[in-house]
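Summary of structural features
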Amino acid sequence: MRKDQTLGAYLFSQGVSRRGFLKFCSATASLMALPPTMVGRVAAALENARRPSVIWLSFQECTGCTESLTRSHAPTVESLIFDAISLDYHHTLQAAAGHGAEAAREAAMEENAGEYLLVVDGSIPIGNPAYSTIAGISNLDMLKESAANAAAIIAVGTCAAYGGIPHANPNPTGAVSVSDIIKDKPIINVSGCPPIPVVITGVLAHFLTFGSIPELDELGRPKAFFGQSIHDRCYRRPFYERGQFAKSFDDEGARQGWCLYELGCKGPTTYNACATLKWNEGTSFPIGSGHGCIGCSEPDFWDKGSFYRPIAAGLWGSRDALLGAAAAGAAIGIGTALAARSKKKRANAAKETEST
Amino acid sequence: MTLLDFARGPALQWSMIILVAGVLWRLGGTILINAKKDLSKARKEHAVADGLKTIATRSLPAHQFEKNIRFQHFSGYAWHIALFVSVLFFAPHILFFESVLGFGWPSLPNSIILITAAIALAILFALLIRRATHPVQRIISNADDYISILVVIAPLITGILAFAHLGARYETLLAVHLLSVEALFVWFPFGKLMHTALTFPSRYQAGSSYGRKGVRA
Amino acid sequence: MSALDTISVRVEASSGNVRPLLHEIRHALQRVADGGIGTTIDLGSLPLAPGEEKRIEELLGSGELRAELDALGPTVLQETRYAGVWFVTHRNTEQEVVARFIEVTRVPELLLAQEVDMQRAVHELEKQLEVN
Ligand code: SF4
Ligand code: SF4
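Residues numbered from 1 in each chain as written. Chains lettered and ligands numbered in written order. Predicted model: local features only at pLDDT ≥ 70, side-chain atom pairs only at ≥ 80, totals over all residues. Heavy atoms only, no water.

So, the site of ligand 2
Note the cut-off: We call a residue near a molecule or strand as soon as one heavy atom of that residue lies within 4 Å of the molecule or strand. In this classification, the charged set is Asp, Glu, Lys and Arg, the nonpolar set is Ala, Val, Leu, Ile, Met, Phe, Trp, Tyr, Cys and Pro, and all remaining amino acids, among them Gly, are polar.
The environment of ligand 2 is formed by T270(A), N272(A), C274(A), W279(A), P286(A), C293(A), I294(A), G295(A), C296(A) and S297(A). Looking at side-chain class alone, the shell around ligand 2 contains six nonpolar, four polar and no charged residues.

Pasting the structure below:
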């Protein structure tokens, strides 16, 4: 597809029928979590959409986000979306290497100044820039340079969105998120460790379709996917309401599919689309497979205590501190009481000697 | 650190330390300080039975005043029972107790807890209004009474809101609920909420000392 | 039988969403029957327990008409036991499901021949006539 061609014209030239296009649009609308009534608008917008240039930067990451994306069920709809964008730079996926790769990035930035979409996965180490470099350029410099002329930035994965695992206590590299550094560009956080692949493509599709940023929540995530908590949409919710909880992973309750709250499920405080979109071609999601949500799409999910500690249990430290407090309290109480007593005694004694 | 992390972490830890230390400080002090010898001749050597009896008899309204205090008395009972059921038998609460004590117990379904919590809240409101309007009660109430009611009513309201996901995001509601409970923990040893720990010992004390003097408690 | 089947986990669970969905379909159908507009429900947007999608499919059953469309992979439009209620399954060229809808309408839009396609068809037919 040529860059100046609209998506509609491109599909038409590929012999895709209008029916095929409408099917593509309803699948895309579903992908973007839009109500089916929006299909008409999606069709109108997609027809005239132009192919945006995308630069994808990978910083301190494990490539899990890219793996998630490329291992997505590669359905036509998603690959079409990839056809519909021009992925001009991506470490893992591009053919070019070395200077050629960097040249491609620079060329794309220059040609599409102000219009390209910057996608980032991984966090940025600011403790010492040398912790992570690409072609001798520190992540920090590359991010600043590439963000300067971007139309918008998509931070893919919890690392890019909130610092993620590199940011976890004690954060040896001084890892920070994209939004900690870039303040003057619209940033869409597509969090998750990794994010659900169709959520990544859904957000790309939104940008492609409407050329705009979707509505975001207070943590910068698209509301269409992160608007409701796992718990809000969990099919085990009726068990939660009835107070039927699995107490271990192999008890009768677990077999009956009861709620996993007591086993540490973080669903109530985690916002993501797993409960509806699910994973692996919509097969299942952790709770569907009997394991609680670990809260991977939330900031600092790694530092919120054990994945198996119930939310209600709190992180109140150790019993020793409480026992210490008990001992100290008792000691002070008894001490003051005894002191008061002996003072009184002394006073009484003094009184007695006075009167004699 | 998010508000919820703060509420679940340091705030919880410190409020619990203050609660435990404060309660033991006051208990230790109260038990030991009042050790003044009664010099009069005892009418009865062992007044233990009188002490225990008083714990029981004061659990019912005194005959003389029964007409006047019946409402107060029974609404007090209803309120305490509703509160205890809500606090002790809500599954997430039990998980909290379990994390502190090391053991748990069976829970009641959420629908029942919601009802008991609503009852507790309604009664406490009624009692608060009565306290503020009833001429006698108004005079004998001080700041301690109102603060104590406030730190109990706040967890009830925020707990119901968090349960129903009403008004804000769940993690915010949960954080506010925890913080309100932590406020209660901190206030507990220093105000009238301490009656939780002192009611029975002081009844016993009164009963046995009257008994010693041969007076009906 | 794989080893997985020996684990006695009850896969059927209930989200409590199936009945409300059927009610929604009933209301939508009444609307269409009264001459109103149709409704499309995206099954991907509902929190369903494992096995529930299948249950919905079984509850709705299959009716007289079944159409297959071959555009960017196969799509099956199956009229259910209830006239006017359609189960639409879109697959990609790798046969994987990309979206599922329940459409409540007289005829799903996708079955109608589309104007641009007809224009292109006219064009092609003309070319054909020229050749012969
Ligand atoms: S399993 Fe988790 S998300 Fe589902 S209802 Fe229970 S606590 Fe909520
Ligand atoms: S269920 Fe929770 S932990 Fe699992 S992927 Fe979804 S948000 Fe992450």
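Some details on the state of the cysteines
Residue and element names in this part refer to chain A. The criterion, for reference: Cysteine sulfur atoms that pair up within 2.5 Å are treated as a disulfide.
For the structure on display, the rule yields zero disulfides over all chains. Unpaired in terms of disulfides, C62 finds its nearest cysteine sulfur in C193, a separation of 6.3 Å. Free cysteine: C65, not disulfide-bonded; nearest cysteine sulfur from C62 at 6.3 Å.

Comments concerning a nonpolar patch on the surface
To keep things clear, this is the line we draw: Each patch is assembled from residues with relative accessible area greater than 30% and no salt bridge, linking like charges that lie within 9 Å and nonpolar side chains (Val, Leu, Ile, Met, Phe, Trp, Tyr) that lie within 5 Å. Calculation of accessible area relied on Shrake-Rupley with a 1.4 Å probe; when residues are assessed, cover is drawn exclusively from the protein chains displayed. Any carboxyl oxygen of Asp or Glu that lies within 4 Å of a side-chain nitrogen of Lys or Arg is treated as forming a salt bridge with it. To qualify as a helix, a DSSP run of H or I must reach at least 4 residues; to qualify as a strand, a run of E must reach at least 2; elements of each kind are numbered from the N terminus.
A contiguous nonpolar surface patch, about 410 Å² in accessible area, is contributed by I332(A), I18(B), W25(B), V186(B) and F190(B). Examined against the element boundaries, V186(B) turns out to sit in helix 9 (residues 170-187).

Details of the interface of chain A and chain C
Put simply, the rule reads: Contacts: residue pairs with any heavy atoms within 4.5 Å of one another. Defined here as a combined quantity, buried area equals the accessible surface (1.4 Å probe) lost by two parts on assembly, summed across both. Any N or O atom pair separated by 3.5 Å or less is treated as a polar contact, with the protein-specific requirement of one donor-capable and one acceptor-capable atom, and with residues adjacent in sequence counted only for side-chain atom pairs.
Each side of the interface is counted separately: chain A has 30 residues, and chain C has 41 residues. Carbon and sulfur atoms make up 58% of the surface buried where chain A meets chain C, a total of about 2900 Å² over both sides. Among the residues of chain A in contact with chain C, R19(A), K23(A) and Y235(A) are the three that bury the most area, contributing 26% of the side total. If you look at where chain A meets chain C, you find zero salt bridges. On inspection of chain A and its partner chain C, the count reaches 15 residue pairs in polar contact (both at pLDDT 80 or more). Counting only elements with at least two residues in the side of chain A that touches chain C, the list comes to helix 2 (18-31), helix 5 (76-84) and helix 15 (274-277) of chain A. Considering every element that reaches the side of chain A that touches chain C, the biggest residue donor is helix 2 of chain A, with nine residues. Partitioning the side of chain A that touches chain C into residue classes produces 14 nonpolar, nine polar and seven charged.

Concerning the site of ligand 1
All residues adjacent to ligand 1 are H231(A), C234(A), R236(A), R237(A), Y240(A), C259(A), L260(A), Y261(A), C265(A), G267(A), P268(A) and I287(A). Of the residues in the shell around ligand 1, the class split is eight nonpolar, two polar and two charged.

What to know about the packing of helix 2 (residues 10-33) of chain B against helix 9 of chain B
Residue and element names in this part refer to chain B. Selection rule: Axis lines are fitted through C-alpha atoms, for helices just across the contact stretch, and the angle between N-to-C directions can take any value from 0 to 180 degrees. Working definition: roughly parallel below 35 degrees, roughly antiparallel above 145 degrees, roughly perpendicular at 65 to 115 degrees, and oblique for all remaining angles. Helix crossings are classified by the rotation of the near helix relative to the far one: an anticlockwise turn of less than a right angle makes the crossing left-handed, while a clockwise turn makes it right-handed.
Two numbers describe how helix 2 lies on helix 9: the axes approach to 8 Å, and their chain directions differ by 20 degrees. The angle between helix 2 and helix 9 places the two elements in the roughly parallel class. Like other packed secondary-structure pairs, helix 2 and helix 9 cross with a definite hand, here left-handed. Packed against helix 2, whose contacting residues are A11, L12, S15, M16, I18 and L19, the element helix 9 presents L179, E182, F185 and V186 at the interface. Among the residues making up the contact of helix 2 with helix 9, the classes are represented as eight nonpolar, one polar and one charged.

Points about the nonpolar core
Threshold: Put simply, a nonpolar core is a bunch of buried Ala, Val, Leu, Ile, Met, Phe, Trp, Tyr and Cys residues held in one set by side-chain atoms that sit within 4.5 Å of each other. Partly exposed describes any residue whose relative accessible area lies between the buried limit of under 20% and the exposed limit of over 50%, with all areas from a 1.4 Å probe on protein chains only and scaled to the type maximum. Note that the domain bounds reflect an automated or database-derived domain assignment.
Core analysis: the biggest nonpolar cluster contains 85 residues, and I154(A) and Y261(A) have the highest contact counts within it. At eight residues, the largest contribution of residues to this core is made by helix 11 (residues 197-210) of chain A. When residues of this core are assigned to domains, at least three map to each of domain 1 (7-226) and domain 2 (237-313) of chain A. Setting aside chain neighbours within four positions, we find Y261(A) in contact with Y240(A), F245(A), P268(A), P310(A), I311(A), A312(A), P92(B), L95(B) and Y170(B). Membership of the second largest hydrophobic core comes to 30 residues, among which are A120(B), V152(B), I153(B) and F188(B).

What to know about the sheet that holds strand 4 (residues 85-91) of chain C
The cut-off we apply is this: We treat two strands as partners when DSSP finds at least two bridges between them.
Pairing is antiparallel in the open sheet, where five strands are placed in the order 1-5-4-3-2 (chain C). The open sheet has two edge strands, strand 1 (39-42) and strand 2 (66-70) of chain C, and neither has a second partner. Direction aside, neighbouring strands of the sheet carry axes that sit 20 degrees apart on average. In this fold helix 2 of chain A packs onto strand 1, strand 2, strand 3 (74-79), strand 4 and strand 5 (97-104) of chain C, with an angle of close to 95 degrees to the strand it touches most, strand 5 of chain C.

So, the packing of helix 3 (residues 39-47) of chain A against helix 11 of chain A
How two helices sit against one another is set out by the angle between their axes and by the gap between those axes. All names here are of chain A. Contact pair helix 3 / helix 11: the axes reach a minimum separation of 7 Å and the direction vectors enclose 70 degrees. For the element pair helix 3 / helix 11, the angle class is roughly perpendicular. Contacts between helix 3 and helix 11 pair R41, V42, A45 and L46 from the former with L208, T209 and F210 from the latter. Here the contact of helix 3 with helix 11 is built from residues that sort into five nonpolar, one polar and one charged.

Side note on the interface of chain A and chain B
Often, the extent of an interface is quoted as the loss of accessible area on bringing the components together. At the junction of the two partners, chain A supplies 42 residues and chain B supplies 38 residues. For the pair chain A and chain B, the summed buried surface comes to about 3300 Å²; carbon and sulfur atoms form 61% of the total. On the chain A side of the interface with chain B, the three residues burying the most area are W316(A), L322(A) and R341(A), jointly 17% of the side's total. In this structure, the connection of chain A to chain B is made through three salt bridges. Close ionic contact of D5(B) with K304(A) constitutes a salt bridge, the shortest N to O distance being 2.8 Å. At the junction of chain A with chain B, the criterion picks out eleven residue pairs in polar contact (both at pLDDT 80 or more). Among the secondary structure elements, those contributing two or more residues to the side of chain A that touches chain B are helix 13 (237-242) and helix 16 (319-355) of chain A. Looking at which element gives the most residues to the side of chain A that touches chain B, the answer is helix 16 of chain A, with 16 residues. Looking at side-chain class alone, the side of chain A that touches chain B contains 21 nonpolar, eight polar and 13 charged residues.

Regarding unusual backbone geometry
With an omega dihedral of 5 degrees, the bond running from N169(A) to P170(A) counts as a cis peptide bond. With respect to the helices and strands, P170(A) occurs in the loop between helix 9 (164-167) and strand 8 (175-176). In the segment running from C193(A) into P194(A), the intervening peptide bond is cis, with an omega of 0 degrees. Counting through the fold element by element, P194(A) comes out in the loop between strand 9 (187-190) and helix 11. Even without being glycine, L72(C) reaches a positive phi, approximately 50 degrees. As for its placement among the helices and strands, L72(C) is situated in the loop between strand 2 and strand 3.

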